[in-house]
Amino acid sequence: MSEVNSPPPVGGWTRFVTARPRLSLLAALVLTALAVFAGSGVADRMGSGGWQDPSAESTYAKEALEREFPASQPNLLLLVDSGRANVDAPAVAAEGRRLSERLAAEKGVSGVGSYWQTGSPALRAEDGRQALIAARVEGDEKTSAQILERIAPHYRGARGPVEVSVGGPIGVQHEMTTIIQEDLLRAEMIALPVTLVLLVMVFGSAIAALLPLGVGIIAILGTNAVLRGITEFADVSVFAQNLTTALGLGLAIDYALFIVRRFREELAAGAEVREAVGITLRTAGRTVLFSALTVAVSLAAMLVFPQYFLRSFAYAGIAVVLLAAGAALILLPAALMLLGHRVNALDLRRLLRRGRNRSTPTGEAGVNEAGANEARETGSGEAGAGWTRLAGLVMRRAPLFAFATVAGLVLLGLPFLGVKFGTPDDRQLPSTAESHVVQQQIRDGFPGSPAGGLEVYAEATPGARAAGSTGAAATPAAAYAEYRGRIAALPGVLRVDGPITSGSSAYFTVQPKGEAVGEGAQQLVHDLRAVPAPFETSVTGRAAVLEDSKAAIADRLPLALGIIVVVTLLLVFLLTGSVLIPIQAVVLNALSLTAMFGAVVWVFQDGNLSGLLSFTSTGDIETTLPVLMFCIAFGLSMDYGVFLLSRIKEEYDHTGDHEHAVRFGLQRTGGLITAAAVILAVVMVGIGTSRVTNTKMLGLGIALAVLMDAMVVRSLLVPSVMKLMGASTWWAPGPLRRFHGRFGLSEGEISQPVPRPEPEPDPALDPDSEPDSDPDAVRDRVKA
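Not measured: the values here are computed from a predicted model.

A few points about the overall build of the protein
- If you tally the helices and strands in the protein, you get 28 helices and eleven strands.
- Taken across its 784 residues, the protein has 56% of its residues classed as buried.
- Looking at the protein alone, contacts between residues at least 24 apart form 79% of all its contacts between residues at least 6 apart.
- On the protein, roughly 31800 Å² of surface is accessible, and the fraction owed to carbon and sulfur atoms is 61%.

Considering the pairing of strand S1 (residues 76-81)
- Burial within S1 is extensive, with five of its six residues counted as buried.
- Bridge analysis of S1 against strand S3 (residues 130-137) gives six bridges, and the strand direction is antiparallel. Its bridge partner being in S3, Leu 77 is matched across the sheet by Ala 134.
- Looking at chain direction, S1 and strand S5 (residues 162-167) are connected through five bridges and run antiparallel. The residue of S5 that forms the bridge with Leu 79 is Ser 165.

Thoughts on the packing of aromatic side chains
- Enumeration over the complete set of coordinates arrives at 16 aromatic pairs.
- Taking 5.6 Å as the distance between ring centres and 75° as the angle between the ring planes, the aromatic pair formed by Phe 239 and Phe 309 counts as edge-to-face. A residue pair is termed long-range when its members are at least 10 positions apart, and Phe 239 in the loop between helix H9 (206-230) and helix H10 (240-268) and Phe 309 in helix H12 (residues 308-339) qualify at 70 residues.
- Looking at Phe 309, the relative accessible area reads 1%, which means it is buried.
- Taken together, Trp 51, Phe 239, Phe 309 and Phe 313 form an aromatic cluster joined through their ring pairs.
- Directly above the aromatic system of Tyr 155 lies the positively charged group of Arg 102, at a separation of 4.8 Å from the ring centroid.
- Seen from the ring of Phe 258, Arg 261 lies directly overhead, with NZ or CZ sitting 4.9 Å from the centre.

A word on helix H4 (residues 57-68)
- Its twelve residues place the ends of H4 16 Å apart at the C-alpha level, agreeing with the 16 Å of an ideal helix rising 1.5 Å per residue.
- Of the surrounding elements, those touching the buried residues of H4 are strand S7 (454-459), strand S9 (505-512), helix H19 (519-530), strand S10 (536-540) and helix H20 (542-576).

Focus on helix H26 (residues 693-725)
- Most pronounced at Val 713, the bend in H26 amounts to some 50°.
- Among the 33 residues in H26, 25 count as buried, and that is most of the element.
- One or two residues past the end of H26 sits Gly 726, with phi positive at roughly 65°.

Looking at the pattern of salt bridges
- By the definition in use, this model includes 30 salt bridges.
- In this structure, Arg 124 engages Asp 88 in a salt bridge whose closest nitrogen and oxygen atoms are separated by 3.6 Å. Residue Arg 124 is found in the loop between helix H6 (115-118) and S3, and its partner Asp 88 is found in the loop between S1 and helix H5 (90-104); the two are separated by 36 residues along the sequence.
- The class of Arg 124 is partly exposed, set by a relative accessible area of 23%.

So, the sheet that holds S10
- Read from one edge of the open sheet, four strands run S8-S9-S7-S10, paired in antiparallel fashion. Two strands bound the open sheet, and with one partner strand each, they are strand S8 (493-502) and S10. Direction aside, the axes of adjacent strands within the sheet are offset by 20° on average.
- Of the pairings in the sheet, the one linking S7 to S9 comprises six bridges and is antiparallel in character. Residue pairing across strands places Ala 458 opposite Ala 506, the latter belonging to S9.
- Most of the contacts of H4 go to S10, to which it runs at about 100°, and overall it touches S7, S9 and S10.
- This element, H19, spans S7, S8, S9 and S10 of the sheet and lies at about 10° to S7.

A short note on the packing of helix H11 (residues 273-300) against H12
- Between H11 and H12, the least distance of the axes is 10 Å, while the angle of their chain directions is 180°. Between H11 and H12, the angle is such that the two are roughly antiparallel. Across from Val 273, Arg 274, Val 277, Leu 281, Gly 285, Val 288, Leu 289, Ala 292, Val 295, Ala 296, Leu 299 and Ala 300 in H11, the residues of H12 making contact are Ala 314, Gly 317, Ile 318, Val 321, Ala 325, Leu 329, Pro 333, Leu 336 and Met 337.
- Class assignment of the residues belonging to the contact of H11 with H12 gives a composition of 18 nonpolar, two polar and one charged.

Quick notes on the packing of helix H24 (residues 625-655) against helix H25 (residues 658-688)
- The interhelical angle for the contact between H24 and H25, taken along N-to-C directions, is 155°, at an axis separation of 8 Å. The angle between H24 and H25 falls in the class roughly antiparallel. Of the two elements, H24 crosses H25, and the hand of that crossing is right-handed.
- Of the residues that constitute the contact of H24 with H25, the class distribution is 14 nonpolar, five polar and three charged.

Considering the nonpolar core
- Core analysis: the largest hydrophobic core is formed by 151 residues, its most contacted members being Phe 239, Tyr 255, Val 321, Leu 336, Leu 628 and Ile 702.
- In this structure Leu 336 touches Leu 211, Ile 259, Val 260, Phe 263, Val 273, Val 277 and Val 343, once residues within four positions along its chain are discounted.
- By size, the runner-up hydrophobic cluster in this structure holds 33 residues, among which are Val 92, Ile 151, Ile 170 and Ile 442.

A short note on the side chain of Asn 589
- If you trace the backbone, Asn 589 turns up in helix H21 (residues 580-592).
- Take Asn 589: its relative accessible area is 0%, and that puts it in the buried class.
- Not counting chain neighbours up to four residues away, the residues in contact with Asn 589 comprise Phe 634, Ser 637, Met 638, Asp 709 and Arg 714.

As for the sheet that holds S5
- The strand order across the open sheet formed by five strands is S2-S3-S1-S5-S4, and the pairing between neighbours is antiparallel. Strand pairing shows two members of the sheet lacking a second neighbour, strand S2 (109-114) and strand S4 (157-159), which therefore form its edges. Averaged over all pairs of adjacent strands, the angle between their axes in this sheet comes to 25°, without regard to strand direction.

Considerations on the confidence of the model for the protein
- This prediction gives the protein a mean pLDDT of 82; 85% of its residues lie at or above 70.
- Scored below 50 in pLDDT, residues 1-10 makes seven contacts in the model with residues more than four places away or belonging to other chains.
- Below a pLDDT of 50 lies the segment residues 358-381, which in the model reaches 36 contacts outside its immediate sequence neighbourhood of four places, other chains included.

Some words on a nonpolar patch on the surface
- On the surface, Leu 23, Leu 26, Leu 29, Val 30, Leu 31 and Leu 34 cluster together into a nonpolar patch covering about 610 Å² of accessible area.
- Looking at the secondary structure, you find Leu 29 in helix H3 (residues 21-38).

Remarks on the pairing of S5
- Where S4 and S5 come together, three bridges link them in antiparallel fashion. Within S5, the residue paired with Ala 158 across the bridge is Glu 163.
- Between S4 and S5, which pair antiparallel and follow one another directly, the connecting turn spans two residues, one of which, Gly 160, has a positive phi of 65°.

A word on the environment of Val 109
- You can see Val 109 is positioned in strand S2.
- In sequence terms Val 109 and Arg 136 are 27 residues apart; their C-alpha atoms lie 5.7 Å from each other.
- Not counting residues up to four positions away in its chain, the partners in contact with Val 109 are Leu 103, Ala 104, Ala 135, Arg 136, Val 137, Ile 147 and Ile 151.

Some details on unusual backbone geometry
- With a phi close to 70°, Leu 609 is a non-glycine residue in the positive phi region.
- Take Leu 609: it is sitting in the loop between helix H22 (594-605) and helix H23 (610-613).
- Backbone geometry at Ser 614 places phi at a positive 60°, although glycine is not the residue there.
- Structurally, Ser 614 is set in the loop between H23 and strand S11 (621-622).

What counts, and at which threshold
- Residues numbered from 1 in each chain as written.
- Predicted model: local features only at pLDDT ≥ 70, side-chain atom pairs only at ≥ 80, totals over all residues.
- Heavy atoms only, no water.
- Helix = DSSP H or I, 4+ residues; strand = E, 2+ residues; numbered from the N terminus.
- Buried < 20%, exposed > 50% of the residue type's maximum accessible area, 1.4 Å probe, protein only.
- Contact = heavy atoms within 4.5 Å.
- Areas by Shrake-Rupley, 256 points an atom, 1.4 Å probe, with all protein chains shown as cover.
- Pairing = 2+ DSSP bridges.
- Phe/Tyr/Trp six-rings, centres within 6.5 Å; stacked < 30°, edge-to-face > 60°.
- Lys NZ or Arg CZ within 6 Å of the ring centre and 35° of its normal.
- Expected span 1.5 Å × (residues − 1).
- Bend = angle between axes of the 7 residues up to and from the residue.
- Salt bridge = Lys/Arg side-chain N within 4 Å of Asp/Glu carboxyl O.
- Axes fitted to C-alpha atoms, helices over the stretch in contact; angles between N-to-C directions.
- Parallel < 35°, antiparallel > 145°, perpendicular 65-115°, else oblique.
- Nonpolar A, V, L, I, M, F, W, Y, C, P; charged D, E, K, R; others polar.
- Left-handed = near helix turned anticlockwise from the far one by under 90°.
- Core = buried A, V, L, I, M, F, W, Y, C linked by side-chain atoms within 4.5 Å.
- pLDDT = per-residue confidence, 0-100.
- Patch = residues over 30% accessible without salt bridge, like charges linked within 9 Å, V, L, I, M, F, W, Y side chains within 5 Å.

Have a look at this one:
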C-alpha cells in the first residue's frame, strides 16, 4: 500500500527548474532588464500600414508612380481655408502660391502642385472657399514621418488671410501611430490595476496574485525586445504592440493561474514543496505546454499571408506565447520553490472570514481557513458544487442544451453574411483628429475624390504587344489617345485625366462613378485590367489595393486554415488519445467565434452603437481584420479547451467513468476558466478603449469571443455534446491507440484508462439524479 501511495520520483525537468531557484530568478531579472533596454523605442521603428500585398499589381504600379511621377501619388495635403473670401481673391491666391513655392523648397518634398498653380477643379472646393496643396514626402514611413514632424508646424494654423490644416495619407499614418502609442499606455494603466484586483479576488493571497502579473510583464518586455530585433530586417505594424500587451497579460495569467492553482491544490493535499512542484509540472505544466503550442500555431498561420500587417501579429503573438509559457514553466516553479506555503501569504480576504472563524475552536481555525482557501481555489467547495450541478443539469438535458446553444451561436453570427470589405482610411481616427477633419472636408466639399481615383500606369517594354491596336496607333501619342478613349467608354468611368508622360511611360487618372472603394469602383478595376493596350499597363488606387488584398487572402486562406486545423487535431489527439475529441474541439471552437464575427459587422460595419463607442462607421470591414481576429480568438478558445479537456482526460484515466469525468473536469476548471476569461476580457476591453477603430474592433471583438467561449461553449455546449457522444468520445482505432500510448501526453499520471468497476448502484453516479456536490468523493468510491 505504501508503494502505491509513495510520491512519484522528481523528474529531470523538475530538477532543472528547481535546483537553483534563486539563480534562475536572478538570471530572469537580468534578462528582463536587458529586454527593457533592447526593446526601448520599438514603436518608433514600426509602421502603420501593411494592408497591401507587396507582390500585387497595384503595389507595383504605386511604387512605379512614386518613383517616376511623384505628383501622381501625393501623401501630404494642405487644406487652405479662406474663410468667407473666395480662393481666387488676390490676397488668398498670393498666399496660396507662396505656400506652394515654400513647400516645394523643403528638403525631402517633391511633386508639389496646388490649385493656384494648376487650376485643376479637383483641387478647389465647390463653394470656392477652400483649395488644396498636394505634395509627395519622400522616404519610407519612418523617414517621411520625421520630415512631416519637421515641416508641419511651419504650415499649420493661421497664415495671413488663410487657415491651413495638414492632412493626407502621411498625416493619417503619423496621427494613427501617435494615438496608438498613447492609447496603449492608457490601456496598460487601466488593465494592470484592475487585473491585480481580480487576481486577488481569485487567489485571496496578494503574493499568489502578483505571480501571474510578473510572468505577464516578463513576456511583454521580452516580446518588445524581439520585435525590436525583427524591425531590423522586416516591416512590423505598430498595431502588433496591442496584441503583445493583451496576450502577454492574458496568457501569462491563464498559465500562472493553472500552475499556481495546481501547486496550492497539491500543498493542501499534504505534498512537500518540491513534490508539489514536480506534480504540478507533470500535470498542469504539460497542459500549459500543449496550450501554448495550439495558440502559437493559430498565430503562426498568419505568416502565410503576404501583408506585413498580418505577419506582424504572427511575430508578436508567437514571441509572447512562447515567452509567457517559458516564464510559467521555468521561472514560476522557481518562485514557488522559494515561496512554498508562503504562496498563500497576505490573504486580503481574511477580514471577511474573521467573523466566521470566531465560532471555530482555535486549534481548528487555521486548518479550516486553509481548507476554505483551497476549496475556493480548486473548486471543491460551494462554488465547485455549483459547477457540478450545472454540469449535471446540462447533461440530463443534453439535446436541449446542445440544440439551443448551437442555434443561438449561429443566429448571433448571421450578420456576418452581409460583410463588406474595404481599406482603412482616415475614419479610423477620432472625428477630431486633424487629418480626419481634412479628409472629411475633402469628401464633403470637393468634386469627385481627389485622393480616391484609380491610376493606370503605362510603360513601353520590348515584350509589349499591340493587342487590339489599330494601324492609326503608330505613335505613342496616338496610342495613348486610343487607349484613353477605350477607358472613357467603360460604364463605371466618371472622368479620365491624362495621359501625363515621362520618357517611355505615362499614367492616366480615372475617376469612378460613386464611392472610391464601392462595388462599382472594384468592378472598374477588373474592367480596366481587361482593356487591351499597345503597351504594358497596371492599375493602382484604393479600390485596386482592396481587390488585390482580397485576392491574396482568398488565395492563402485555405493553407492557413489547413495548418491550424491539422496541427490542432494532432495536438489534441496527443493530449486525449481520442479521434473524436479533436474534431469536436475544432468545430466547437469555430462556433464560439460566430458571435464575435456577427457583432463586428452589426456594430462596426453597420454603425450600430457608434455613438456609444465613439467611432465613425465606414460601412465596411478592413480585409485583414477577420483573419486576424479568427487566428487570435481560435487560439485563445483552444487555450481554454485544452484546460478543460486535460482535466476531464485525467479523471477519465483514473476512473474510467465518462460522465463523472466530464462533471469533475467542469467542476475543477469551470471557475478557473471563467476567472481567466474575465481577466483576459478586461485586458482586451482596455485595448478596446482605443480611439483607433480597428484597435477598438480588435479588443472588443476578442473580449466578446473569449467570454462566449468560456461562459457558453465550455459551460454548456461541451458537456452536452460529450454527454450525447457518450463513451464513444474516447474511441480511436487500434493503430492510433498504440501511437498515443507511445507518444501521447496527458495531464494525468496514468496513461491508459482504468476499467470501470461494477459497484453497487450509486445515486451520485446516476446522470438522472442530482450529482454529488463533492466529485472527490465520487472518484474515491469509483476507484474503490
